[in-house]
There are 2 protein chains.
Amino acid sequence: MVPAVSADCSSTSFTPLVVLELASDTKQEAIAWLLSRIRDPQQNGGAELLVEQLGLGDGGSEKENPNLFLVGAKWQRLLSGAEEVGLFKEFSDGSMRGFTCANKHNFKHFEGDGDSFLSMAECQYIIKHELDTLRAKDETHVPGHPQAKLYPGKSIIRRLQSKGILIQVFPLHEKEELKRLSYSWYQKVKLSFQPLDDIRHYYGEGQALYFGFLEYFTFALVPMALIGVPYYLFDWENYDKYVVFAVFNLVWCTVILELWKRFSTSLAYSWGTLSRKKAFEEPRPGFHGVLGFNPVTGREEPLDSNTKRQLRVYLVSLPFVLLCLYLSLYVMMIYFLMEGWALSVHDEEPTFWTGVLLFIPSIIYAVVIEIMNLVYRYAAEFLTEWENHRLESSYQNQLVLKVLVFNFFNCFASLFYIAFAMQDMALLRQSLATLLITSQILNQFMEAFLPYWLQRRRNKKRMRKVQKRKAVAEAELPLAEQVRLEADMSTYLGTFDDYLELFLLFGYVSLFSCVYPLAAVLVVLNNITEVYSDAFKMCCVFKRPFSEPAANIGVWQLAFEAMSVIAVVTNCSLIGMSPQVKAYFPESETQLILWTVAIEHGLLAFKFILSFIIPDVPKHIQIKLSRLEFESLEALKKKKMLEASELTKGIQ
Amino acid sequence: MVPAVSADCSSTSFTPLVVLELASDTKQEAIAWLLSRIRDPQQNGGAELLVEQLGLGDGGSEKENPNLFLVGAKWQRLLSGAEEVGLFKEFSDGSMRGFTCANKHNFKHFEGDGDSFLSMAECQYIIKHELDTLRAKDETHVPGHPQAKLYPGKSIIRRLQSKGILIQVFPLHEKEELKRLSYSWYQKVKLSFQPLDDIRHYYGEGQALYFGFLEYFTFALVPMALIGVPYYLFDWENYDKYVVFAVFNLVWCTVILELWKRFSTSLAYSWGTLSRKKAFEEPRPGFHGVLGFNPVTGREEPLDSNTKRQLRVYLVSLPFVLLCLYLSLYVMMIYFLMEGWALSVHDEEPTFWTGVLLFIPSIIYAVVIEIMNLVYRYAAEFLTEWENHRLESSYQNQLVLKVLVFNFFNCFASLFYIAFAMQDMALLRQSLATLLITSQILNQFMEAFLPYWLQRRRNKKRMRKVQKRKAVAEAELPLAEQVRLEADMSTYLGTFDDYLELFLLFGYVSLFSCVYPLAAVLVVLNNITEVYSDAFKMCCVFKRPFSEPAANIGVWQLAFEAMSVIAVVTNCSLIGMSPQVKAYFPESETQLILWTVAIEHGLLAFKFILSFIIPDVPKHIQIKLSRLEFESLEALKKKKMLEASELTKGIQ
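Residues numbered from 1 in each chain as written. Chains lettered and ligands numbered in written order. Predicted model: local features only at pLDDT ≥ 70, side-chain atom pairs only at ≥ 80, totals over all residues. Heavy atoms only, no water.

### Some details on the overall build of chain A
Reasoning step 1: Along the backbone of chain A there are 19 helices and 10 strands.
Reasoning step 2: Against the compact-globule benchmark of 26 Å for 652 residues, chain A has a radius of gyration of 29 Å, which places it among compact chains.
Reasoning step 3: Seen through its C-alpha atoms, chain A measures out along the principal axes to roughly 90 × 80 × 55 Å.
Reasoning step 4: In chain A, buried positions account for 50% of the 652 residues.
Reasoning step 5: When contacts within chain A are restricted to residue pairs at least 6 apart in sequence, long-range pairs at least 24 apart make up 73% of them.
Reasoning step 6: Roughly 32,000 Å² of accessible area belongs to chain A as shown, and the carbon and sulfur atoms make up 64% of that amount.
Reasoning step 7: Here chain A contributes 64 positively and 70 negatively charged side chains, and the mean placements of these two sets differ by 6 Å. (Helix = DSSP H or I, 4+ residues; strand = E, 2+ residues; numbered from the N terminus. Rg over C-alpha atoms; globule rule 2.2 N^0.38 Å. Buried < 20%, exposed > 50% of the residue type's maximum accessible area, 1.4 Å probe, protein only. Contact = heavy atoms within 4.5 Å. Areas by Shrake-Rupley, 256 points an atom, 1.4 Å probe, with all protein chains shown as cover. Lys, Arg positive; Asp, Glu negative; His and termini not counted. Charge placed at Lys NZ, Arg CZ, Asp CG, Glu CD.)

### Remarks on the pairing of strand E9 (residues 290–293) of chain A
Reasoning step 1: Alignment of E9 of chain A against strand E10 (residues 300–303) of chain A, held across 4 bridges, turns out to be antiparallel. Residue pairing across strands places phenylalanine 293 of chain A opposite glutamate 300 of chain A, the latter belonging to E10 of chain A. (Pairing = 2+ DSSP bridges.)

### Describing the relation of the copies chain A and chain B
Reasoning step 1: Of the two same-sequence chains, chain A is brought onto chain B (RMSD 0.1 Å, axial shift 0.0 Å) by a rotation of 180 degrees. The transformation just described matches what one would write down for a two-fold rotation axis. For chain A, the minimum C-alpha distance to the rotation axis belongs to threonine 590 of chain A and amounts to 2.8 Å.
Reasoning step 2: The overlap is high: 100% of the interface residues of chain A also sit at the interface in chain B, so the same surface is used on both sides. (Least-squares fit on C-alpha atoms with pLDDT ≥ 70 in both.)

### Quick notes on unusual backbone geometry
Residue and element names in this part refer to chain A.
Reasoning step 1: With phi around 65 degrees, histidine 109 is a residue other than glycine that occupies positive phi space.
Reasoning step 2: Structurally, the position occupied by histidine 109 is in the loop between strand E5 (96–98) and helix H3 (120–132).
Reasoning step 3: One non-glycine residue, asparagine 388, adopts positive backbone phi at about 60 degrees.
Reasoning step 4: Its location among the elements puts asparagine 388 in the loop between helix H10 (352–387) and helix H11 (392–422).
Reasoning step 5: Exposure remark for asparagine 388: the relative accessible area of 2% places this residue in the buried category.

### Comments concerning the interface of chain A and chain B
Reasoning step 1: With 31 residues of chain A at the interface, the matching set in chain B holds 31 residues.
Reasoning step 2: Between chain A and chain B, the buried area comes to about 2,900 Å², and carbon and sulfur atoms account for 68% of it.
Reasoning step 3: Counting the surface chain A buries against chain B, the share from its top three residues, Val296, Ile593 and Phe630 of chain A, is 18%.
Reasoning step 4: Viewed at the interface, chain B and chain A are joined by 0 salt bridges. (Buried area = accessible area lost by both parts, 1.4 Å probe. Salt bridge = Lys/Arg side-chain N within 4 Å of Asp/Glu carboxyl O.)

### A closer look at a positive patch on the surface
Reasoning step 1: A cluster of like positive charges, contributed by Arg456, Arg457, Arg458, Lys460, Lys461 and Arg464 of chain A, occupies part of the molecular surface.
Reasoning step 2: Tracing the chain through its elements places arginine 464 of chain A in helix H12 (residues 425–469). (Patch = residues over 30% accessible without salt bridge, like charges linked within 9 Å, V, L, I, M, F, W, Y side chains within 5 Å.)

### Details of the UniProt feature "transmembrane region" (unreviewed entry) in chain A
All names here are of chain A.
Reasoning step 1: When the UniProt feature table is mapped to this numbering, "transmembrane region" (unreviewed entry) covers residues 208–233, 239–260, 313–338, 358–379, 399–420, 432–454, 502–525 and 592–614.
Reasoning step 2: The straight-line gap between the two end C-alpha atoms of residues 208–233 is 37 Å; of that span, 100% is helix and 0% is strand.
Reasoning step 3: Secondary structure within residues 592–614 divides into 96% helix and 0% strand; the distance between the first and last C-alpha atoms comes to 32 Å. (UniProt positions renumbered as here; feature names shortened; annotations may be inferred.)

### Topic: the side chain of threonine 570 of chain A
Residues and elements named next belong to chain A.
Reasoning step 1: Along the chain, threonine 570 turns up in helix H16 (residues 555–577).
Reasoning step 2: At 2.8 Å, the side chain of threonine 570 forms a polar contact with the backbone oxygen of isoleucine 566.
Reasoning step 3: Those residues in contact with threonine 570 that sit more than four places away from it in its chain are Phe416, Phe420, Leu511 and Phe512. (Polar contact = N/O pair within 3.5 Å; in protein donor to acceptor, adjacent residues only side chain to side chain.)

### Section: the nonpolar core
Reasoning step 1: Core analysis: the largest hydrophobic core is formed by 104 residues, its most contacted members being Trp185, Phe412 and Trp556 of chain A.
Reasoning step 2: Apart from residues no more than four positions distant in its own chain, tryptophan 556 of chain A is found in contact with Val400, Leu404, Phe496, Tyr499, Leu500 and Phe503 of chain A.
Reasoning step 3: Core analysis: the second largest hydrophobic core is formed by 103 residues, Ala208, Phe245, Cys253 and Val509 of chain B among them. (Core = buried A, V, L, I, M, F, W, Y, C linked by side-chain atoms within 4.5 Å.)

### Regarding helix H14 (residues 496–512) of chain B
Reasoning step 1: Helix length check: H14 of chain B, at 17 residues, gives a terminal C-alpha distance of 24 Å against a target of 24 Å (1.5 Å per residue), a fit within 8%.
Reasoning step 2: Taken across its 17 residues, H14 of chain B has 16 buried, putting it largely inside the fold. (Expected span 1.5 Å × (residues − 1).)

### Here we look at the sheet that holds strand E3 (residues 68–72) of chain B
Residues and elements named next belong to chain B.
Reasoning step 1: The sheet built from 4 strands is open, its strands ordered E2-E3-E1-E8 with antiparallel pairing. In the strand order of this sheet, the two ends are held by strand E2 (50–53) and strand E8 (166–171), each with one partner. For this sheet, the mean inter-axis angle between neighbouring strands, taken without regard to orientation, is 20 degrees.
Reasoning step 2: Together, strand E1 (18–22), E2 and E3 form the strand contacts of helix H1 (residues 28–39), whose direction differs from that of E2 by roughly 155 degrees. (Axes fitted to C-alpha atoms, helices over the stretch in contact; angles between N-to-C directions.)

### What to know about helix H11 (residues 392–422) of chain B
Reasoning step 1: The end-to-end C-alpha separation of H11 of chain B is 43 Å, in line with the 45 Å expected for 31 residues at 1.5 Å each.
Reasoning step 2: Where H11 of chain B terminates, the next one or two residues include glutamine 423 of chain B, which has phi positive at roughly 55 degrees.

### Some details on the sheet that holds strand E1 (residues 18–22) of chain A
Residue and element names in this part refer to chain A.
Reasoning step 1: Ordered by their spatial adjacency, 4 strands build an open sheet running E2-E3-E1-E8, and the pairing between neighbours is antiparallel. Each edge of the sheet is formed by a strand with only one pairing partner; in this case those strands are strand E2 (50–53) and strand E8 (166–171). For this sheet, the mean angle separating the axes of adjacent strands, direction not counted, is 20 degrees.
Reasoning step 2: Two strands pair when backbone bridges link them, and E1 and strand E3 (residues 68–72) are joined in this way by 4 bridges, in the antiparallel orientation.

### Remarks on the packing of aromatic side chains
Reasoning step 1: Evaluated as defined, the whole model comprises 81 aromatic pairs over all chains.
Reasoning step 2: Ring geometry for tryptophan 252 of chain A versus phenylalanine 506 of chain A: centroids 6.4 Å apart, planes at 35 degrees, classification tilted. Taken together, the residues tryptophan 252 of chain A in helix H8 (residues 242–270) and phenylalanine 506 of chain A in helix H14 (residues 496–512) connect sequence positions 254 residues apart. We note that tryptophan 252 of chain A, like phenylalanine 506 of chain A, is buried.
Reasoning step 3: Centroid distance phenylalanine 506 of chain A to phenylalanine 560 of chain A: 5.2 Å. Interplanar angle 50 degrees. Geometry classified as tilted. Within this pair, whereas phenylalanine 506 of chain A is found in helix H14, its partner phenylalanine 560 of chain A is found in helix H16, the two being separated by 54 residues in sequence. Each member of the pair, phenylalanine 506 of chain A as well as phenylalanine 560 of chain A, carries the same accessibility label: buried.
Reasoning step 4: Between arginine 544 of chain B and the ring centre of tyrosine 202 of chain B, over which it is positioned, the NZ or CZ distance is 3.8 Å. (Phe/Tyr/Trp six-rings, centres within 6.5 Å; stacked < 30°, edge-to-face > 60°. Lys NZ or Arg CZ within 6 Å of the ring centre and 35° of its normal.)

### Quick notes on the environment of isoleucine 575 of chain A
Reasoning step 1: Relative to the assigned elements, isoleucine 575 of chain A resides in helix H16.
Reasoning step 2: The sequence separation of isoleucine 575 of chain A and valine 247 of chain A amounts to 328 residues, and the corresponding C-alpha distance is 8.6 Å.

### Comments concerning a nonpolar patch on the surface
Reasoning step 1: There is a patch of nonpolar side chains on the surface, built from Leu311, Tyr314, Leu315, Val316, Leu318, Leu322, Phe382, Trp386 and Leu558 of chain A together with Ile609, Phe612 and Ile613 of chain B and spanning about 1,200 Å² of accessible area.
Reasoning step 2: Sorting the residues of the nonpolar patch by element identifies helix H9 (306–348) and H10 of chain A together with helix H18 (589–613) of chain B as the ones contributing at least two each.
Reasoning step 3: Per element, the largest residue contribution to the nonpolar patch is 6 residues, and it comes from H9 of chain A.
Reasoning step 4: Tracing the backbone through its elements, the reader meets tryptophan 386 of chain A in helix H10.
Reasoning step 5: For tryptophan 386 of chain A, a relative accessible area of 37% puts it in the partly exposed group.

### With respect to the pattern of salt bridges
Reasoning step 1: Tallied over the full model, the rule gives 44 salt bridges over all chains.
Reasoning step 2: Across the salt bridge formed by aspartate 304 of chain A and arginine 312 of chain A, the nearest N and O atoms sit 3.5 Å from each other. Here aspartate 304 of chain A matches arginine 312 of chain A in class, with each residue buried.
Reasoning step 3: Between glutamate 52 of chain B and arginine 39 of chain B there is a salt bridge, with its nearest N and O atoms 4.0 Å apart. One end of the pair, glutamate 52 of chain B, is in strand E2; the other, arginine 39 of chain B, is in helix H1, and 13 residues separate them in sequence.
Reasoning step 4: What makes glutamate 52 of chain B buried here is its relative accessible area of 16%.

### A word on the state of the cysteines
Residue and element names in this part refer to chain A.
Reasoning step 1: Applying the stated rule across the entire model yields 0 disulfides over all chains.
Reasoning step 2: Here cysteine 324 is not disulfide-linked; the sulfur of cysteine 411 is the nearest cysteine sulfur, at 15 Å.
Reasoning step 3: Under the relative-accessibility criterion, cysteine 324 is labelled buried at 13%. (Disulfide = S-S within 2.5 Å.)

### So, the packing of helix H2 (residues 75–84) of chain B against helix H3 (residues 120–132) of chain B
All names here are of chain B.
Reasoning step 1: Across the interface, H2 lies against H3 with an axial gap of 9 Å and an inter-helix angle of 75 degrees. For the element pair H2 / H3, the angle class is roughly perpendicular. On the side of H2, the interface is formed by Trp75, Arg77, Leu78, Gly81, Ala82 and Glu84, while H3 contributes Cys123, Ile126, Ile127 and Glu130. (Parallel < 35°, antiparallel > 145°, perpendicular 65-115°, else oblique.)

As structure tokens, then:
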């Protein structure tokens, strides 16, 4: 646990949980107003939290922003907050129930005042929720900042954020806890599963589900890898024998995705996020429109026409995405032309320089693709912002969709072209290997080690400043320095890129691994290092992210399922094209194609039936859920009967 | 409203709503026990309903069963029952809310004591629910019937039903209401929509949704019919021009099914069944197993292993169904052989008798198919019963699935064979027309007129008996006679067969109407008469069914969607086979097939995307639902705050 704020910066001491950083040019009256609103009791519309300004660090200079505030809360406030956000905790009978203060003593692990009942991540989540729902009363603007308009019911924090007055809100790390977690997670040499419960305890359910998925995915690939190795070693590589492999591929894809759903449901149940109700979603900070009354809440807030948004999506964004896909296709065709040309030059008169020339097209293509990905990502973010989605979730979904489609296209278009237009399996194999290995090395480097190195340099600078005056080790840094250190760390931007990477790897394996059986082996190796590098970057590179309650991996489940449908089509086509199968239909190509198509349709139908038959929720959790529902219905009935009988007595 | 029970058969008069018929050899002690349990107040575990024995009718003879009982209830009891079953009614602000006695006066149309607040169908549904949930206390068997074992918590009515002591439970018709309904529904000559709200008022949501779907489906077919007529009239029948028609077919199928979801959601919302929570489902009467404790309710009830049931389904039922399908295929092949033989005989030496011979195979095939359907239906019911499903709903789903697959196969296998194996479009066209027209005529006859005629004969007999003594018109029949008349009416077995018929009609249109554009016209005509005959049979032929709350058409939506997917595949193949399209690929059949398959995949993908994009719940209902949820969350929060502040005051 982080030590309480020392007496020199506050009269009352409390455990700081969350840091608010305001712009250094924020007016004093705005700060005073914000602090009083945060401290006000709930009856008066405040958040009833504790908040103190952070003193200037020992290494303090004029350049440092003085407007850092530490937010905490009393235990009672946090417990009532837990009830407000609808936290599910383990009940004494082992089931998961919505926490209520009224029967708090019936929850497992609730001891004494309950000051160790909530994890720090949960406390921080509660504080974030309370800050987010702190609403303007009759203020028309933030005092001292007339440009930051307010109206009754507007979330203050979101307005401050959208006007740049509030720079960031982030939760603090727990040094001790983090050390323990990182030891059991990636520093220990012993082979073991990841400590998912501890990860969830520290980072929340969203993160834990990502790491759970990463681990599950790795284990699910092991059978593929085990089958792939002999295929590779014993020279079964004449592309003749891959029919068995492709069929296995198909079944495997469907089954692992269905089983993952069950596994993730079990996890979400044990973490209490499965049956948790989502609160009403506020408009995202960037959302703008004409002021009006929300038809659901009756609150005043910006409204924007739904039709207009849909027109933007279908008339601008969709054509733009299609144009980009076309462009990407065009670039690909140029690449193949260039390669063909280089090959012909090399074949005509092979010298050292023509040998080098052979690599040029690939290098140019790789660089161009990276640039296109980058530019497209910016364009997608800009467009999605411009579409003006009301909810953060729909903004995220639209963005994921745009980026996903483009990345899928960029990664796989050339492979599809080689496989089906050129029908050159040797080249397909070579391209696949190159893509997998380079992207793996590049990713690990860009994702973890580069940010770590940058971070380390920054840290060292600050440490040197501090150590100039006092000779302390890093572990014993004073709180103020620790907070400033964390404020400087990079912000973790969510699991988007991590899932995207897994998605593309899943694509390589499920689409083409029958041609290059080592793909699964490479992906397993990649995933193992990925676990370590991701764990490392979560612990050492980034600010702690706010925990996000999640019951499943959301839109990614859909994306993986779509990929597995595409995999059925691709694998069937590859089977149909294999010389082995072609030998069965020596006289008629039409017959071959018709059979392939028929089998493909059968497999697709089987896939859909399978996903219907395998229940998404395991039986034992289904029983627990129904029992809870049944009990609440019975309790309601009993209460009604009691009221009725009391009424009757009253009349008598 | 039915007149109150006359004084000669009861001391207290009440409106009879539901009739219980016990076997004539039921022991007197069993009857006395049952009546007292029904009358007991709820605190003592009774149902707190009113119940009286029906006197012997004026035409009474020894042959008549004396054990008919009329059940009714006080208004207060019905209102509290409405709360128990979770009825949704219109609130004063126009939204639909769960009815509670506490704020009954805030509901629209609640006047005075509320004795006209609930419709008779709702009252009957409530009484059925109360009877169904009347549970044994510490009885070990039904008094006088030691074979009818009971244990604490067992539903009494279900045990009596499963042991044959209770012959039937049915709700009474309302003569006046029925007359009004039948006039506005099918007797009026004026062209208008069906009175769906009145149908729902009288028969409940399940019935009303069926008729709503029938009407919707008919209107949705009109564009197809309008396009089909010129195709037929202007001799576009050379199967060359059907590409446009097939493409239209595809888009149309997807769109109408998606729009139906929205329409049915609107209906279900306005009828209050959309957000209604399902109560915990009891085991069905036929379910048997070893006594044990239900893990959800903790009640003692028969338990049967889930694994055993699944083994029964996959190891016995599934192979059986596949075997039946194979048999049906075999019969079909024999039919085609016979027809080929008949044709060859006729061609060799055409006489009158060989002309007759041409029809023989078709007639034999039709008869065999009917017999197979009948036998299969019995077998499917037996098997599904033997699978021993715990819930009525899963029993129904399994039965629907079995019957659906077989019927689909029987109806369409020969058409598919003609279309794709024989590639004889003229024959396909002729078969389609024959099938459509004969099945239409046969159905109308078997479904409505035959039962009506039988019913009429029975009625006349009884009337004659009554009129022997008194000279009354049918409308003024005494209650006892009326009840006995209704008890003799056939029982309506649910919407299963009606939906099945629509499903097959939908198949004819969506799969093959591009070959025979008049199909849509025929189906529209059929549907119009179907509305009348179905309405007629509901009003005049059958006992009134208990109203069933339904929010959608359930498993049938899925079935229709599956059909529309099959329609995409079929239509694409038909397009690919058309001479028009073949002309585009004069040199290569492979190219043609590949293009067809590619376009088919594109259409399927488009279909799935479309079903994702079109939201299932219309925006305005989505808003109303979220508002309700938001308000209940806010109310909960407010209540918690109040409790907390009271607690604080109490401490001070």
